[in-house]
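Spelled out from the first residue to the last, the chains are:
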Amino acid sequence: MDIVYIRDFKIETVIGMFQWERRIQQTLSLDLEMAWDIRPAAATDTIAEALDYRAVSERLKSHVEQAHYQLVETLAESIWQILREEFSVPWCRLRVSKPGAVRGAKDVGVLIERGVKPAQ
Ligand SMILES: Nc1nc2c(c(=O)[nH]1)N=C([C@H](O)[C@@H](O)CO)CN2
């Protein structure tokens, strides 16, 4: 199984369950691994056969910036829905990190795996 990935993708948004969090922008970091067979793209050297990480990044940035959820869980599930429905990603591993949210911890958040891993 091949992977197309996006690492430490920082996006600013309103997120959090506390009132003070509803009034500020916070920076989230996304680490994303998406299953994708890269051989057709490699064989033809065409972006049409590839999972375009730039297109995925732009779509996710726009979504995260306008989605003002309380929980990182809700955001993570909404991202998986976009990957599945709009980019036909069969499987992903996604970490949503919220740096500085807990004193003493570098970051906190959720790590999810969704979908079915292709055999090859
Ligand atoms: N499992 C979660 N726990 C917490 C979340 C969350 O989104 N998922 N959020 C908060 C607060 O918003 C926190 O980030 C502010 O310090 C607390 N716990």
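- The protein chain is annotated in an unreviewed UniProt entry as 7,8-dihydroneopterin aldolase of Paraperlucidibaca wandonensis.
- Recorded under Pathway (unreviewed entry), the UniProt text for the protein chain is reproduced unchanged: "Cofactor biosynthesis; tetrahydrofolate biosynthesis; 2-amino-4-hydroxy-6-hydroxymethyl-7,8-dihydropteridine diphosphate from 7,8-dihydroneopterin triphosphate: step 3/4."
- Taken directly from UniProt, the Catalytic activity (unreviewed entry) text for the protein chain runs: "7,8-dihydroneopterin = 6-hydroxymethyl-7,8-dihydropterin + glycolaldehyde".

### Observations concerning the overall build of the protein chain
For step 1, the next point in the chain: Regarding its fold elements, the protein chain presents three helices and four strands.
For step 2, the next point in the chain: Its C-alpha atoms give the protein chain principal-axis dimensions of roughly 50 × 25 × 20 Å.
For step 3, the next point in the chain: Across the protein chain, the fraction of contacts at a sequence separation of at least 24, relative to all contacts at a separation of at least 6, is 59%.

### Things to note about the UniProt feature "domain: Dihydroneopterin aldolase/epimerase" (unreviewed entry) in the protein chain
For step 1, the next point in the chain: The sites that carry the UniProt feature "domain: Dihydroneopterin aldolase/epimerase" (unreviewed entry) are, in the present numbering, residues 4–114.
For step 2, the next point in the chain: Strand forms 33% of residues 4–114 and helix 32%; the C-alpha atoms that close the span are 15 Å apart.

### A short note on the environment of V56
For step 1, the next point in the chain: Residue position: V56 is located in helix α2 (residues 53–66).
For step 2, the next point in the chain: Overall, the presence of 21 C-beta atoms within 10 Å leaves V56 in the buried class.
For step 3, the next point in the chain: In this structure, the C-alpha to C-alpha distance between V56 and P99, residues 43 residues apart in sequence, is 22 Å.
For step 4, the next point in the chain: If sequence neighbours within four positions are ignored, V56 has contacts with I6, L51 and F87.

### Considerations on the sheet that holds strand β1 (residues 3–13)
Across a sheet, strands are paired by hydrogen bonds formed along the backbone, either parallel or antiparallel in direction.
For step 1, the next point in the chain: Read across the sheet, four strands follow the order β1-β2-β3-β4 without closing on themselves; strand pairing throughout is antiparallel. The sheet is open, and its two borders are formed by β1 and β4 (107–115), each paired with just one other strand. With strand direction ignored, the average angle separating the axes of adjacent strands in the sheet is 15°.
For step 2, the next point in the chain: As paired elements, strand β2 (residues 26–35) and strand β3 (residues 91–99) share six bridges and run antiparallel to each other. In the sheet register, L30 faces β3, and the bridge partner there is V96.
For step 3, the next point in the chain: The sheet contacts of α2 involve β1 and β2, and relative to β1 the element is tilted by about 30°.
For step 4, the next point in the chain: Together, β2, β3 and β4 form the strand contacts of helix α3 (residues 72–87), whose direction differs from that of β3 by roughly 145°.

### Digging into the nonpolar core
For step 1, the next point in the chain: Counting 20 residues, the largest nonpolar core has L30, M34, L75, L94 and V96 as its most contacted members.
For step 2, the next point in the chain: Counting residues per element, the ones that place at least two in this core are β2, α2, α3 and β3.
For step 3, the next point in the chain: Here this core gets five residues from one element, more than from any other, and that element is α3.
For step 4, the next point in the chain: M34 has contacts with I3, V4, L51, L83, V89 and C92, leaving out every residue within four places of it along the chain.

Thresholds, definitions, all that
Residues numbered from 1 in each chain as written. Predicted model: local features only at pLDDT ≥ 70, side-chain atom pairs only at ≥ 80, totals over all residues. UniProt positions renumbered as here; feature names shortened; annotations may be inferred. Helix = DSSP H or I, 4+ residues; strand = E, 2+ residues; numbered from the N terminus. Contact = placed C-beta atoms within 7 Å. Buried ≥ 20, exposed ≤ 12 C-beta atoms within 10 Å, placed from the backbone. Pairing = 2+ DSSP bridges. Axes fitted to C-alpha atoms, helices over the stretch in contact; angles between N-to-C directions. Core = buried A, V, L, I, M, F, W, Y, C linked by C-beta atoms within 7 Å.

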